[in-house]
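So the chains spell out like this:
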Amino acid sequence: MKDAAASFAPRAGVSFRLAPDLALVLAPNPSPMTYLGTNSYILGKDKLAIIDPGPDNSDHLAALLAAIAGRPVSHILVTHTHLDHSPLARPLSDAVGAPVYAFGNSRAGRSEIMSQLAAEGLTGGGEGIDPTFEPDAILRNGDMIDFPQKPITALHTPGHIGNHLCFCWGDVIFTGDHIMGWSTSLVSPPDGDLTDFMRSCDRLQNMPARIYYPGHGAPVTDPKARLAWLIAHRRNREAQIIKALADGSATVSALTKVVYTDVAQGLLPAAERNVFAHLIDFAGRGIVVARPALGVAAEFTISDAAANDQT
């Protein structure tokens with residue numbers, strides 16, 4: 001599978017074979033946030049499961065139905081409720097008569113601090129939430145779906161969003177937007193939670209896999225190395241933010257400009273969200289203090305306890 005990433009060249013709307021029992025249909029929604037577009041996966045041969053139907057797009061629905069080619073679909077699985085992954089689930093369900101499975105609606109799985117920030121008026125940023133999504137069946141961590149050849153196991157991996165699921169299928173894992181090869185995952189509060197994200201990375205480290213199939217971009221052919229790199233990347237970002245705070249208090253915006261020096265202007269809002277996610281994590285761990293209160297407009301300083309630990 002070393003050549004899987006190099007040979008990854010799907011065209012939107014055309015079924016792209018990844019393995020004898022696995023195909024992908026690329027959605028026509030390329031962007032700086034979605035790369036080539038959303039990967040909708042078709043598992044199985046005679047009986048199918050669909051992972052991430054994708055955006056509400058009639059052309060993509062037609063392409064999926066053409067790839068399904070009249071074969072029975074038993075499950076429609078949704079990794080999470082961003083607008084590029086879940087909205088087509090209901091139209092596809094209506095078309096093929098299969099139930100939709102997910103962790104829950106767009107608020108499911110939110111941590112206590114993120115629920116508090118949302119109640120105080122903080123809204124999401126980045127990829128957009130599917131606010132009306134409701135699954136037919138709820139999947140929790142470890143739930144197993146009976147499927148021909150090998151079962152599918154749901155793995156709750158909150159972080160990118162609270163309701164994010166990965167799906168284990170034999171020796172492969174469909175990682176949604178949690179682990180991708182082309183980019184790091186956006187963690188945008190209150191939907192994204194960096195504390196949860198890192199815990200989910202730890203959980204995936206304990207799940208052996210030959211290959212990851214992400215929600216965007218090529219297969220990840222060395223999962224262990226990619227996951228280790230992503231964890232190290234986040235820890236390095238932590239160190240950069242702490243170093244930037246060493247000179248005194250700073251806002252999210254000011255810290256972003258110091259830490260993200262190589263990001264295009266149009267991606268700075270997403271970068272600010274990632275910095276804010278780190279600061280919320282720091283606040284929960286007692287590393288920083290937010291004044292007057294935890295929020296996007298707060299001034300952040302290193303806590304006395306953390307400063308003493310560094311001396």
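The preceding data block contains the structure.
Residues numbered from 1 in each chain as written. Predicted model: local features only at pLDDT ≥ 70, side-chain atom pairs only at ≥ 80, totals over all residues. Heavy atoms only, no water.

Novice: Could you give an account of the sheet that holds strand β9 (residues 152–156), naming the residues involved and the relevant values?
Specialist: As summarised here, the arrangement of the five strands in space is β8-β9-β10-β11-β12, forming an open sheet in which the pairing is mixed. Each edge of the open sheet is held by one strand with a lone partner, namely β8 (144–145) and β12 (211–214). Examined bridge by bridge, strand β11 (residues 172–176) and β12 share four bridges and lie parallel to one another. Bridge pairing in β12 links Val172 to Ile211. This element, helix α4 (residues 194–205), spans β9, β11 and β12 of the sheet and lies at about 145 degrees to β9. (Pairing = 2+ DSSP bridges. Helix = DSSP H or I, 4+ residues; strand = E, 2+ residues; numbered from the N terminus. Contact = heavy atoms within 4.5 Å. Axes fitted to C-alpha atoms, helices over the stretch in contact; angles between N-to-C directions.)

Novice: Talk me through the packing of aromatic side chains; I want residue IDs and the actual numbers.
Specialist: Inspection of every chain in the model, using the stated rule, returns seven aromatic pairs. On the numbers, 5.5 Å between centres and 25 degrees between planes, the contact of Phe174 with Tyr213 is stacked. Note that Phe174 is positioned in strand β11 and Tyr213 in strand β12, a separation of 39 residues in sequence. We note that Phe174, like Tyr213, is buried. A cation sits over an aromatic face here: Lys150 above Trp169, 4.5 Å from the ring centre. Directly above the ring of Phe197 sits Arg234, whose terminal nitrogen or CZ lies 5.1 Å from the centroid. (Phe/Tyr/Trp six-rings, centres within 6.5 Å; stacked < 30°, edge-to-face > 60°. Buried < 20%, exposed > 50% of the residue type's maximum accessible area, 1.4 Å probe, protein only. Lys NZ or Arg CZ within 6 Å of the ring centre and 35° of its normal.)

Novice: How would you summarise the environment of Ser106 if you had to cite specific residues and measurements?
Specialist: Following the sequence through the fold, Ser106 ends up in the loop between β6 (100–102) and α3 (112–119). Not counting residues up to four positions away in its chain, the partners in contact with Ser106 are Thr81, Ile129, Asp130, Pro131, Ile161 and Asn163.

Novice: An account of the sheet that holds strand β7 (residues 137–138) is needed here, citing residue identities and associated values.
Specialist: The strand order across the open sheet formed by seven strands is β1-β2-β3-β4-β5-β6-β7, and the pairing between neighbours is mixed. In this open sheet, the two edge strands, each paired with only one partner strand, are β1 (15–19) and β7. For strand β3 (residues 39–43) and strand β4 (residues 48–51), the ladder comprises three bridges, and the chain directions are antiparallel. Within β4, the residue paired with Ile42 across the bridge is Ile50. Across the sheet, helix α1 (residues 58–68) touches β1, β2 (22–26), β3, β4 and β5 (73–77), and the angle it forms with β2 is around 160 degrees.

Novice: If you had to explain the pairing of β2 to someone new, which residues and values would you point to?
Specialist: Counting buried positions over the five residues of β2 gives five, a clear majority of the element. Burial along β2 is two-sided: Leu22, Leu24 and Leu26 and Ala23 and Val25, pointing in opposite directions, are all buried. Of the strand pairs in this sheet, β1 and β2 are connected by four bridges, and their pairing is antiparallel. Among the inter-strand pairings, Phe16 is bridged to a residue of β2, identified as Leu24. Adjacent in sequence and paired antiparallel, β1 and β2 are bridged by two residues. Pairing geometry for β2 and β3, over five bridges, is antiparallel. Within the sheet, the bridge partner assigned to Leu26 lies in β3 and is Asn39.

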